[in-house]
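The chain contents come next:
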Amino acid sequence: MNDHGFSRRSALQATGVVGAGLGLGTFGATSASAAAPDAARAARSAPPSSAETMIGVPFEGRDTIRLGIIGLGNRGTGMLEVFLALEGVRVTALCDPVRESAEAAAKKVTDAGQPKPTLYTKGERDFEKLCQRNDLDLVYVVTPWGWHFEMAKAALEGGKHVGVECPMAMTIDELWKLVDLSERTRKHCMQLENCAYGKNEMRVLRMAHEGLFGDLLHSAGAYIHDLRELMFDPDYYEGPWRRRWHTRLKGDLYPNHGFGPAANYLDVNRGDRATHISSFGTPALGLAAYREENMPKGHESWKESYVKSDMTMSLVQTARGRVIRLEQNVSNPHPYDRLNVLAGTKGVFEDYPERIYLEPDMSGHEWGDFADYAKWDHWLWKEHSNPPGGHGGMDYIMLFRLVQCMRLGIVPDFDVYDGATWSTPVPLSHASIKAGGAPQEIPDFTRGLWEKERSGIDSEKPK
């Protein structure tokens, strides 16, 4: 995509699958139940596909993207506002079991000058009716994690492209089913990973592809975000669903913000492949300590026993021998941090705070100024230097690019194979921690096509 040429690297081949299964959650405030994994099924090799790959498949192309949104809490409402700021998007349908939330979102749509969308508010399964409409092009799923699989499945079966908040699903079996459904229906199922569109992440990605870091060796990503107050806040989340996942899984519940950018740097599914993950976790103490200090004895949380490790650390091995380090912690005091590290034979970038050390530009063990490399900014950030929306504008950049690809009828920057890969640490880190850190095999969702070099988020600007 860039102004200085484009380079990719070849890769070696490796395959394998190990998974751990858990039950679905609920749309609202009630909890999900864990289901024992089927070990024989989880350990199988890649299942055969009855359809062709979705790699390289373009959107159909259309002037207007007709959008349906499922889930209108904090995130859903915020992203609705970003969609309304984009040219060529018409919000056709909204779904949330909380009628007041749906009505408030509908008012935002009419205030933006669009017709009032159809509302689906009759219980937790009304989303199925939304997905059956014949006047939708894209369904956006932004609900509690346990519902992501069912809603994405319903959208695909209804003939819609679907974008899903992270993680895309909670079990390996569910991820395989979404891959198969995407291939069979010929509709894209995409993990809407906004951090992959961060300004720093996209600059580093371009620099990596131009060889400024030399031969790439390792990367790191994380989601370290103190959410204790929010997880016990009765108003911020719709019920205690997020906190209660800490009673079910020991591992990394939210790997995508770190894994997505790191996988992009190393061309995972585009010349390299994530093959194994080994995970370790600290004791689960933070939420119980916060509860002890802040929650009255009659609070519902006193019935909960937390098992999720406060800090989860994972190492992901790739087919080319590179390593990705992932961390997650939302239960202890810590400033926000996504790590965002990339290192190669010519130097290293580290974020939070941003700093860089590249040879021959630097020497003497003194960090350089990352601002000096602004010429490598992605064309999206050059064209939208001050984008609206949350998270520093990367939400807008991500949705702008998605809508652009759909309207122009070009291949999306990411596909179902990316989203499935980025979500594997949820079940596999749990399985690895339970097994004393034993490596767990990461499925090859591409069924061998990962060796083919192809563009991704570092894509060419449409002409």
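Scroll up to find the structure.
Rules and cut-offs
Residues numbered from 1 in each chain as written. Predicted model: local features only at pLDDT ≥ 70, side-chain atom pairs only at ≥ 80, totals over all residues. Heavy atoms only, no water. Pairing = 2+ DSSP bridges. Helix = DSSP H or I, 4+ residues; strand = E, 2+ residues; numbered from the N terminus. Contact = heavy atoms within 4.5 Å. Axes fitted to C-alpha atoms, helices over the stretch in contact; angles between N-to-C directions. Patch = residues over 30% accessible without salt bridge, like charges linked within 9 Å, V, L, I, M, F, W, Y side chains within 5 Å. Areas by Shrake-Rupley, 256 points an atom, 1.4 Å probe, with all protein chains shown as cover. Salt bridge = Lys/Arg side-chain N within 4 Å of Asp/Glu carboxyl O. Lys, Arg positive; Asp, Glu negative; His and termini not counted. Charge placed at Lys NZ, Arg CZ, Asp CG, Glu CD. Buried < 20%, exposed > 50% of the residue type's maximum accessible area, 1.4 Å probe, protein only. Arc of directions from axis to C-beta. Phe/Tyr/Trp six-rings, centres within 6.5 Å; stacked < 30°, edge-to-face > 60°. Lys NZ or Arg CZ within 6 Å of the ring centre and 35° of its normal.

Asker: Help me get a handle on the sheet that holds strand S8 (residues 274–281), residues and values and all.
Answerer: Strands sit in the order S13-S12-S11-S7-S10-S9-S8-S14 across an open sheet of 8 strands; the sheet is mixed. At either end of the open sheet lies a strand with only one pairing partner, and these are strand S13 (355–358) and strand S14 (440–441). As paired elements, S8 and strand S9 (residues 312–318) share 7 bridges and run antiparallel to each other. Within S9, the position partnered with Gly281 by the bridge is Thr312. Relative to the sheet, helix H15 (residues 425–434) contacts S8, S9, strand S10 (323–329) and S14, its axis offset from that of S8 by approximately 55°.

Asker: Lay out a negative patch on the surface in plain terms, naming residues and giving numbers.
Answerer: A contiguous patch of negative charge, built from Glu354, Asp361, Asp369 and Asp372, is present on the exposed surface. Inspection of the secondary structure puts Asp372 in the loop between S13 and helix H12 (379–383). Judged by its relative accessible area of 59%, Asp372 falls in the exposed class.

Asker: Report on helix H11 (residues 286–294), specifying residues and quantitative values.
Answerer: Buried within H11 are the following residues: Gly286, Leu287, Tyr290 and Arg291. Seen from one end, H11 has its buried residues packed into an arc of 135°, which puts them on one side. Close packing links the buried residues of H11 with helix H8 (228–231) and helix H9 (241–244).

Asker: Residues and numbers for the sheet that holds strand S6 (residues 189–191), please.
Answerer: Strand order in the open sheet formed by 6 strands is S3-S2-S1-S4-S5-S6, with parallel pairing between adjacent strands. The two strands at the open ends of the sheet, each matched to only one other strand, are strand S3 (118–120) and S6. Direction aside, neighbouring strands of the sheet carry axes that sit 25° apart on average. Here 4 bridges tie strand S1 (residues 65–70) to strand S4 (residues 138–141), and the two strands are oriented parallel to one another. In the sheet register, Leu67 faces S4, and the bridge partner there is Leu138.

Asker: So what's going on with the pairing of S9? Which residues, and what values?
Answerer: The alternating pattern of S9 places Thr312, Ser314, Val316 and Thr318 on a buried face and Met313, Leu315 and Gln317 on a face that is not buried. Between S9 and S10, which pair antiparallel in sequence order, lie 4 residues; one of them, Gly321, sits at a positive phi of approximately 90°.

Asker: Which residues make up the packing of aromatic side chains, and what values do they have?
Answerer: Per the counting criterion, the structure on display carries 15 aromatic pairs. Ring geometry for Tyr223 against Tyr336: centres 6.2 Å apart, planes inclined by 85°, an arrangement best described as edge-to-face. Of this pair, Tyr223 sits in strand S7 (residues 216–224) while Tyr336 sits in the loop between S10 and strand S11 (341–344), and the two are 113 residues apart along the sequence. Given a relative accessible area of 34%, Tyr336 falls into the partly exposed group. Pairwise contacts between aromatic rings join Trp145, Tyr223, Tyr236, Tyr237, Trp241, Trp245, Tyr254, Tyr336 and Tyr352 into one cluster. In this structure, Arg203 packs its charged tip against the face of Phe370, placed 4.5 Å from the ring centre.

Distances and angles like these do not, on their own, reveal function.
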